[in-house]
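A look at the structure
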Amino acid sequence: MSFTDIDARHMARALELARRGLFTTDPNPRVGSVIVKDGNVVGEGFHARAGEPHAEIHALRATGEQARGATVYLTLEPCCHHGKTPPCSDALIAAGVGRVIAAMQDPNPRVAGKGFAALNAAGIGTASGLMQAEAEALNPGFSQRMKTGRPYVRVKLAASLDGRTAVANGESKWITGEAARADVQRLRARSSAILTGVGTVLADDPSLNVRAFDIGRQPLRVVVDSKLRTPPQAKMLSLPGSTLLVTAANDAARAEKLLATGAEILQLGMDGRVDLNALLAALASREVNEVLVEAGATLSGAFLEAGLVDELVLYYAPTLLGDKGRGMFRLDGIAKMTDRVALEIKDIRAIGQDWRVIARPAKS
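The following refers to the structure shown. (Residues numbered from 1 in each chain as written. Predicted model: local features only at pLDDT ≥ 70, side-chain atom pairs only at ≥ 80, totals over all residues. Heavy atoms only, no water.)

Glancing now at the packing of aromatic side chains. If you walk through the whole model with that rule in mind, you get one aromatic pair. Here the basic side chain of Arg-181 rests over the ring of Trp-174, its NZ or CZ set 4.5 Å away from the ring centre. (Phe/Tyr/Trp six-rings, centres within 6.5 Å; stacked < 30°, edge-to-face > 60°. Lys NZ or Arg CZ within 6 Å of the ring centre and 35° of its normal.)

This paragraph deals with the layout of surface pockets. In this structure, the second largest pocket encloses a volume near 1,000 Å³. Elements with a minimum of two residues in the lining of the second largest pocket: α5 (132–138), α6 (140–148), β6 (152–160), α7 (178–190), β14 (311–317), β15 (343–351) and β16 (354–361). Grouping the constituent residues of the lining of the second largest pocket by class yields 13 nonpolar, four polar and 15 charged. (1 Å grid on protein atoms, 1.4 Å probe; cavity = no way out; pocket = protein on both sides within 12 Å on 5 of 7 lines; lining within 4 Å. Points joined across faces, edges and corners; volume = space filled by probe spheres on them. Helix = DSSP H or I, 4+ residues; strand = E, 2+ residues; numbered from the N terminus. Nonpolar A, V, L, I, M, F, W, Y, C, P; charged D, E, K, R; others polar.)

For the rest of this paragraph, the subject is the sheet that holds strand β8 (residues 220–224). Here nine strands make up an open sheet; going across it, the order is β10-β9-β8-β7-β13-β6-β14-β16-β15 and the pairing mixed. The sheet terminates laterally at β10 (264–267) and β15, the two strands that pair on one side only. On average, each strand axis in the sheet is inclined to that of its neighbour by 20°, with strand direction left out of account. Bridge count for strand β9 (residues 243–247) against β10 is four bridges, and the pairing is parallel. Among the inter-strand pairings, Thr-247 is bridged to a residue of β10, identified as Gln-267. α6 rests against β6 and β13 (290–293) of the sheet, and its axis sits at about 135° to β6. With respect to the sheet, α7 is in contact with β6, β7 (193–197), β13, β14, β15 and β16, its orientation differing from that of β14 by roughly 165°. (Pairing = 2+ DSSP bridges. Axes fitted to C-alpha atoms, helices over the stretch in contact; angles between N-to-C directions. Contact = heavy atoms within 4.5 Å.)

For the coordinates displayed, the defined rule picks out one cavity of 30 Å³ or more. Approximately 60 Å³ is the volume found for the largest cavity. Lining the largest cavity we find Thr-25, Asp-26, Asn-28, Pro-29, Arg-30, Asn-139, Phe-142, Arg-190, Ser-192, Asn-289 and Glu-290. Split by residue class, the lining of the largest cavity holds two nonpolar, five polar and four charged.

The next thing to look at is the nonpolar core. In terms of nonpolar packing, the biggest core is built from 33 residues, with Leu-195, Val-222, Leu-279, Leu-283 and Phe-303 touching the most fellow members. Of all the secondary-structure elements, those providing two or more residues to this core are β6, β7, β8, β9, α10 (276–285), β13, α11 (297–305) and β14. Counting residues per element, this core draws most heavily on α10, which supplies five residues. Beyond its immediate sequence surroundings of up to four residues, Phe-303 is in contact with Val-153, Leu-195, Leu-276, Leu-280, Val-293, Leu-308 and Val-309. (Core = buried A, V, L, I, M, F, W, Y, C linked by side-chain atoms within 4.5 Å. Buried < 20%, exposed > 50% of the residue type's maximum accessible area, 1.4 Å probe, protein only.)

Distances and angles like these do not, on their own, reveal function.
What follows is the structure, encoded as structure tokens:
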């Protein structure tokens, strides 16, 4: 089906509405809806929080009786199953809408075309694919979790212009400026989980929380701690939200002390190391969509070497730390130029006085 410029304008608005739920819908997808009758927008809505009405329900409530015969623009195929809320396909049918245009099919196997089929069976015309790339970019974690069984992984690092994350003794506060740190808060706010290694916990005692926004939740804090060395007095263990310690150790005494803080311990060991593939599968089973890795060179490099990085977010400060400073990635497998990790640059822009580079590992 071909779409008009008017269709594109209404879908662009639906995507704009969906972005309002960027920080708050987790683990649900971000979805927006616009309802048009006789060329006029008569209702709008977006999904705000899991367990609350979906985008099309908000839009239908705003529209009222004018929904009959109207065209509904949705960034995602309407659901057709009972979850925490009733099926949206039923609500659209009951409202008597005339047509539904969605940006993309729902990747959830429980839906995946069944929402469209229910509407078609009720005599409601459907179409999809309008601004699909933009809709998929809005929900990379949800889509990937549904399709592959693992979350979307972003690795964030801040470095000097010569690629050093700290001076030789480990001091790193602050390489980048206030604007870049605020940008990281936005990355944290959209993430389901923030992941680091025990080395970072021991060196920096980080909070790994969202402080700049009130999003009604804290992302799950995940610490890769193969030997269970996280101290019970670690700052993050006393903060609101949950902390998951992932280990390869079987140390009952240490585990007991850490469990007393409220932390959860998950043993996923392989040859004395945490199995990162198993870890991501375990997080997906907990409905984790997007993981933000904020770790040192060893763990960041391990994710990259394992082929588990979907996106790199690199902040470069206009400063130099020299060749004795700490590097960004430990990549033991690179012995010659043909072993290098090729990247595709997706975006470069100034963030305050710093530069942010968004890249993805190049597909072979």
